[in-house]
Amino acid sequence: MTPDGELDPVGTKAVVEHLLATGHDGIVVNGTTGESATLTSAESMEMVEWVIEAAGEKAQVVAGVGSNDTRHAVEMAKLARDAGADALLLVTPYYNKPTQAGVLAHCRAVADATDLPVLLYDIPGRTGIPFATETLIALAEHPNIRGVKDAKGDLWAATHVMAATDLLWFSGADEVNLPYLAQGATGIVSVVGHIAGRRYADMVAAVDAGDLATARRIHLDLLPIVDALMTTSQGAIMAKAALTELGIIEHATVRLPYVESPPEHLEILRAALALTDLS
């Protein structure tokens, strides 16, 4: 964003180019850990279009279309399809806390709205409601529902769903990327990956090759920066601060109710960056 809080196409392009240069083969736009909640629908689609233009054919672009209003989520899914998104990210309806039957119907309605693949997003710490194991197994029967971004952190529940379905599994919490990969996750959707993309790409490759020693070493090497971004304040705030520290973007502007990192958080971030090999 620009210092006055408007969307910044130049900064957006710079972030996309940085991600492409540091090991990413997919980019999520308008994820709920970011600032999708404070964008208008038109702004959300503008971001999708900018990222698609900047990424070209070099990465899959996944558009967040989650809402606690099913009609709105369906509308956003169709707009994302029309904008050229490759896939959709769909979080459970937040705050109004429907039953699992409602979650099931909500996700099916959005998946029915387009022919794009859907990645379900399980993050009950933000939404107030998880995907139950039985719900995920039922949703896996839908031909457009292809995977799960798991930020719930229940490794055993994930194992049950992975054993019962063909859903692709993605770790959605950087603190547990290695455990998820070790038990069969396809990859990760990462906050820390904004600045440690190469290292996480190496971790995924190491696990795929059966080289857990290398994967563990990367996991431990990234401990300071994961702590700095994920436990200091909030992921989007700290990711923007880190990208600014690295010179990728000019401004770490966030919209209220987020506020920029205070000096004490920036000190923790700078110390972590100095300790971490990001190459």
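Look above for the structure.
So, here's what we can say about the structure. (Residues numbered from 1 in each chain as written. Predicted model: local features only at pLDDT ≥ 70, side-chain atom pairs only at ≥ 80, totals over all residues. Heavy atoms only, no water.)

1. Here's the deal with the nonpolar core
Here comes step 1: Counting residues in each nonpolar core, the largest one holds 79 residues, and the members touching the most others are Val65, Leu120, Trp169, Ile195, Ile225, Leu229 and Leu269.
Here comes step 2: The biggest single contributor to this core is helix H9 (residues 193-208), with seven residues.
Here comes step 3: If near-sequence neighbours (up to four positions away) are discounted, Val65 is found in contact with Ala73, Met76, Ala77, Ala80, Leu88, Leu89, Leu90 and Val110.
Here comes step 4: Counting residues in hydrophobic clusters, the runner-up holds ten residues, among them Val62, Leu89, Tyr121 and Ala151. (Core = buried A, V, L, I, M, F, W, Y, C linked by side-chain atoms within 4.5 Å. Buried < 20%, exposed > 50% of the residue type's maximum accessible area, 1.4 Å probe, protein only. Helix = DSSP H or I, 4+ residues; strand = E, 2+ residues; numbered from the N terminus. Contact = heavy atoms within 4.5 Å.)

2. Remarks on the pattern of salt bridges
Here comes step 1: Following the criterion strictly, the structure yields eight salt bridges and no others.
Here comes step 2: Taking the shortest distance from any N to any O, the salt bridge between Glu43 and Arg255 comes out at 2.9 Å. On the criterion of sequence distance, the pair formed by Glu43 in helix H2 (residues 41-55) and Arg255 in the loop between helix H12 (235-245) and helix H13 (263-275) is long-range, its members being 212 residues apart. The burial state of Glu43 is the same as that of Arg255; both residues are buried.
Here comes step 3: Between Arg270 and Glu245 there is a salt bridge; the shortest N-O distance is 3.0 Å. Linking Arg270 in helix H13 with Glu245 in helix H12, this pair joins segments that are 25 residues apart in sequence.
Here comes step 4: Residue Arg270 is classed as partly exposed on the basis of its relative accessible area, which comes to 42%. (Salt bridge = Lys/Arg side-chain N within 4 Å of Asp/Glu carboxyl O.)

3. Some details on the packing of helix H1 (residues 9-21) against H9
Here comes step 1: The interhelical angle for the contact between H1 and H9, taken along N-to-C directions, is 15 degrees, at an axis separation of 8 Å. Accordingly, the angle class assigned to the pair H1 and H9 is roughly parallel. Two packed elements cross with a definite hand, and for H1 against H9 that hand is right-handed. Touching His18, Leu19 and Ala21 of H1 are Gly193, His194, Ile195 and Arg198, all from H9. (Axes fitted to C-alpha atoms, helices over the stretch in contact; angles between N-to-C directions. Parallel < 35°, antiparallel > 145°, perpendicular 65-115°, else oblique. Left-handed = near helix turned anticlockwise from the far one by under 90°.)

4. Here we look at the layout of surface pockets
Here comes step 1: A volume near 490 Å³ is recorded for the second largest pocket.
Here comes step 2: Thr32, Ser36, Ala37, Gly66 and Tyr94 are the residues nearest the centre of the second largest pocket, which is lined by 29 residues in total.
Here comes step 3: If one sorts the elements of the lining of the second largest pocket by residue count, strand S3 (residues 87-91) sits on top with three residues.
Here comes step 4: When grouped by side-chain class, the residues that make up the lining of the second largest pocket number twelve nonpolar, 14 polar and three charged. (1 Å grid on protein atoms, 1.4 Å probe; cavity = no way out; pocket = protein on both sides within 12 Å on 5 of 7 lines; lining within 4 Å. Points joined across faces, edges and corners; volume = space filled by probe spheres on them. Nonpolar A, V, L, I, M, F, W, Y, C, P; charged D, E, K, R; others polar.)

5. Thoughts on empty space enclosed by the protein
Here comes step 1: The final tally for this structure, using the stated rule, is one cavity of 30 Å³ or more.
Here comes step 2: Each pocket or cavity is described by its volume, and for the largest cavity that value is around 40 Å³.
Here comes step 3: Lining the largest cavity, in full, are Asp122, Phe131, Thr133, Leu136, Asp150, Lys152, Asp154, Ala157, Ala158, Val161 and Trp169.
Here comes step 4: At the level of elements, helix H6 (133-139) and helix H7 (155-164) are the ones that each hand at least two residues to the lining of the largest cavity.
Here comes step 5: Sorting elements by how many residues they give to the lining of the largest cavity places H7 first, with three residues.
Here comes step 6: The residue inventory of the lining of the largest cavity, partitioned by class, reads six nonpolar, one polar and four charged.

6. Quick notes on the side chain of Thr22
Here comes step 1: You can see Thr22 is positioned in the loop between H1 and strand S1 (26-29).
Here comes step 2: Given the relative accessible area of 6%, Thr22 is considered buried.
Here comes step 3: If sequence neighbours within four positions are ignored, Thr22 has contacts with Gly197 and Arg198.

7. Comments concerning the environment of Tyr200
Here comes step 1: Structurally, Tyr200 can be placed in helix H9.
Here comes step 2: Assessed through its relative accessible area of 4%, Tyr200 is described here as buried.
Here comes step 3: For the pair Tyr200 and Met47, spaced 153 residues apart in the sequence, the C-alpha separation amounts to 25 Å.
Here comes step 4: In contact with Tyr200, other than residues within four places in its own chain, are Asp174, Asn177, Ile188, Ser190, Val192, Gly193, Leu222 and Val226.

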